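The primary structure of each chain is shown beneath.
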Amino acid sequence: MQEESRGVTRWRRSALIAVPATATIAAMTLAMVQGVLAANLSLTSVPFTLSSNTVAASKGLGAVLTTVTAGSPTAAAEVGLPKAGLDGICIHAVQSVNLPVVGTVGTWSLNISSPAAATPLTTAQLAAGQGIQANNLILDAQSVKGATATLNATAATPNQIGAAADSANIKGTGITDGTAGQFGLDATGGQTDILGLKANANGATIGGAITLPNLAINLANGDTAGKGAGGGDC
């Protein structure tokens, strides 16, 4: 996991909502939606999905295995993109919510989205600075998928499958806790283009500011995905 630092936007897993216990559940929910009650949501114990229509990582990416749960078939990896242009972004997290005194109010979804452009952006446009621009995007994820992905490289700067997890190139993608001797993917030989990105993540960090056009943050009852890139579910 990455260390907290100033100038870092961090999404994590869990939800804790503090509200007065003097109203009915329906009234509290309505007040929360209207912004009357404080809702402190931090994702710290539940995985979430992060998706984007198209991603252009002009400096490539790195990936290393970071966590294996003892006695369990689960593991996590870090994927680092030192620079990424995204055509839309959507985050969807689900958790059971308990309120003081009142108790459980069921399962709720937190959806955060900034929609894709009306006319889909090409990877060349994203690499040139259009769309959502993120620096040092690091995903702590169980899986990162794409409908298609192109990992460009040259003979002089090849991509390396099985690179040392603590190599200089992988560290250059923002992954600083790769263990010497462990497996790493060094795809920094050229631009990486991903269509239909979907990551099942535990956390994500973005170093520095990020501008999210038409940002929407919504709560929804149940496992209800928001609308993301291209109008599809998160």
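Analysis parameters
- Residues numbered from 1 in each chain as written.
- Predicted model: local features only at pLDDT ≥ 70, side-chain atom pairs only at ≥ 80, totals over all residues.
- Heavy atoms only, no water.
- Core = buried A, V, L, I, M, F, W, Y, C linked by side-chain atoms within 4.5 Å.
- Buried < 20%, exposed > 50% of the residue type's maximum accessible area, 1.4 Å probe, protein only.
- Helix = DSSP H or I, 4+ residues; strand = E, 2+ residues; numbered from the N terminus.
- Contact = heavy atoms within 4.5 Å.

Student: Residue-level account of the nonpolar core, with values.
Tutor: In this structure, Phe48, Leu50, Val55, Leu81 and Leu86 are the most contacted members of the largest nonpolar core, which totals 28 residues. When contributions to this core are tallied by element, the ones reaching two or more residues are strand S2 (48-57), strand S3 (61-68), strand S4 (75-86), strand S5 (89-99), strand S6 (103-114), strand S7 (132-145) and strand S11 (192-207). Top contributing element to this core by residue count: S11, with six residues. Residue contacts for Leu81: discarding those within four places in its chain leaves Val55, Ala57, Gly60, Leu61, Asn136, Leu137 and Thr173. In terms of nonpolar packing, the next biggest core, distinct from the first, is built from five residues, Val64, Ala163, Ala165 and Ile170 among them.

Student: So what's going on with unusual backbone geometry? Residues and values would help.
Tutor: The backbone of Asn136 sits at a positive phi, close to 55 degrees, despite the residue not being glycine. Turning to its location among the elements, Asn136 is positioned in strand S7. Asn136 sits in the partly exposed class, given a relative accessible area of 35%. Here Asn214, not a glycine, exhibits a phi torsion of approximately 50 degrees, which is positive. Relative to the elements of secondary structure, Asn214 occurs in the loop between S11 and strand S12 (216-221). Residue class for Asn214 comes out exposed when judged on its relative accessible area of 64%.

Student: Run through the environment of Ala168, naming residues and quoting values.
Tutor: Take Ala168: it is sitting in helix H3 (residues 168-171). Classification of Ala168 by relative accessible area gives exposed; the value is 65%. Linking Ala168 and Asp186, residues 18 residues apart in sequence, is a C-alpha distance of 9.7 Å.

Student: Go over the environment of Thr66, please, and point to the residues and values.
Tutor: Inspection of the secondary structure puts Thr66 in strand S3. Residues Thr66 and Ala76, spaced 10 residues apart in sequence, show a C-alpha to C-alpha distance of 6.0 Å. Residue contacts for Thr66: discarding those within four places in its chain leaves Ala76, Ala77, Glu78, Asp140 and Asp177.

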